[in-house]
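Chain and residue survey
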Amino acid sequence: MRGEDEGARKLRVYALLEARYHFYVAFHAPRRALEEPIRRRYYHVAPLPAAELAAWRRLLSWGAAQPTGHVCDPLEPEMAEVLPSFTYERCLLPGASVRSLWKEYALFLEGKGAVEDARGVLARASGVFFRDCAPMLLYHAQFEEARM
């Protein structure tokens, strides 16, 4: 008798787990399709290929266009605020030599009200990756002056 109850319980749990699996496969399918063409996920001195840069831009714009909480796990709603920043940080690893990505990330953070974080991003860009790049240094200076 106990074995039958245990077996029925396992079947119910299995059905619930299978339903959750199918939900998450469907939930993450759009993001997975956008991440497919991205090959290089690490920093390299060579510039990011144009096709991968376009794929990163599509992923970033898709994430920004989603309603809050849609792009993250429904069981972890606190990730809704962190995931877009996490995606930008992931993008900056292979695309560290692309000035427009740094500027876009800073503007994104500023738009969310995280001006200090935006300052940190621009300080990292102008202090590490673009120390000798006048346009980036000027952009950082203009950003700081506009917020004084």
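Residues numbered from 1 in each chain as written. Predicted model: local features only at pLDDT ≥ 70, side-chain atom pairs only at ≥ 80, totals over all residues. Heavy atoms only, no water.

What follows concerns the overall build of the protein chain. A tally of helices and strands in the protein chain yields 6 helices and 0 strands. If you list the helices and strands of the protein chain from N to C, you get α-α-α-α-α-α. The buried share of the protein chain, reckoned over its 148 residues, is 33%. Look at the contacts in the protein chain between residues 6 or more apart in sequence, and 54% of them connect residues 24 or more apart. Accessible surface for the protein chain amounts to roughly 9,500 Å². Of this, 62% is attributable to carbon and sulfur atoms. (Helix = DSSP H or I, 4+ residues; strand = E, 2+ residues; numbered from the N terminus. Buried < 20%, exposed > 50% of the residue type's maximum accessible area, 1.4 Å probe, protein only. Contact = heavy atoms within 4.5 Å. Areas by Shrake-Rupley, 256 points an atom, 1.4 Å probe, with all protein chains shown as cover.)

Side chains of a nonpolar character, in soluble globular proteins, are inclined to be buried together. In this structure, Leu101, Trp102, Tyr105, Leu109 and Met136 are the most contacted members of the largest nonpolar core, which totals 30 residues. Only helix 2 (50-65), helix 3 (79-92), helix 4 (99-111), helix 5 (115-129) and helix 6 (134-146) provide two or more residues apiece to this core. (Core = buried A, V, L, I, M, F, W, Y, C linked by side-chain atoms within 4.5 Å.)

What follows covers the pattern of salt bridges. Think of it this way: side chains of opposite charge can pair up when their charged atoms draw near. One pass over the full model with this rule turns up 8 salt bridges. Where arginine 31 meets glutamate 35, a salt bridge forms, and the shortest distance between an N and an O atom there is 3.2 Å. Residue arginine 31 and its partner glutamate 35 are both found in helix 1 (residues 2-35); the two are separated by 4 residues, about one turn of the helix. With respect to burial, arginine 31 and glutamate 35 carry one shared label: buried. Taking the shortest distance from any N to any O, the salt bridge between glutamate 144 and arginine 119 comes out at 2.8 Å. You can see glutamate 144 sitting in helix 6 and its partner arginine 119 sitting in helix 5, a full 25 residues away along the chain. Each of Arg31, Glu35 and Arg90 takes part in salt bridges that share partners, so that together they form one network. (Salt bridge = Lys/Arg side-chain N within 4 Å of Asp/Glu carboxyl O.)

Counting across every chain of the model gives 2 cavities of 30 Å³ or more. Size it by volume and the largest cavity reaches roughly 80 Å³. Lining the largest cavity are 11 residues, with Leu60, Gly63, Ala64, Pro84 and Thr87 sitting closest to its centre. Mapped by element, the contributors of at least two residues to the lining of the largest cavity are helix 2 and helix 3. Taken together, the residues that form the lining of the largest cavity break down as 8 nonpolar, 2 polar and 1 charged. (1 Å grid on protein atoms, 1.4 Å probe; cavity = no way out; pocket = protein on both sides within 12 Å on 5 of 7 lines; lining within 4 Å. Points joined across faces, edges and corners; volume = space filled by probe spheres on them. Nonpolar A, V, L, I, M, F, W, Y, C, P; charged D, E, K, R; others polar.)

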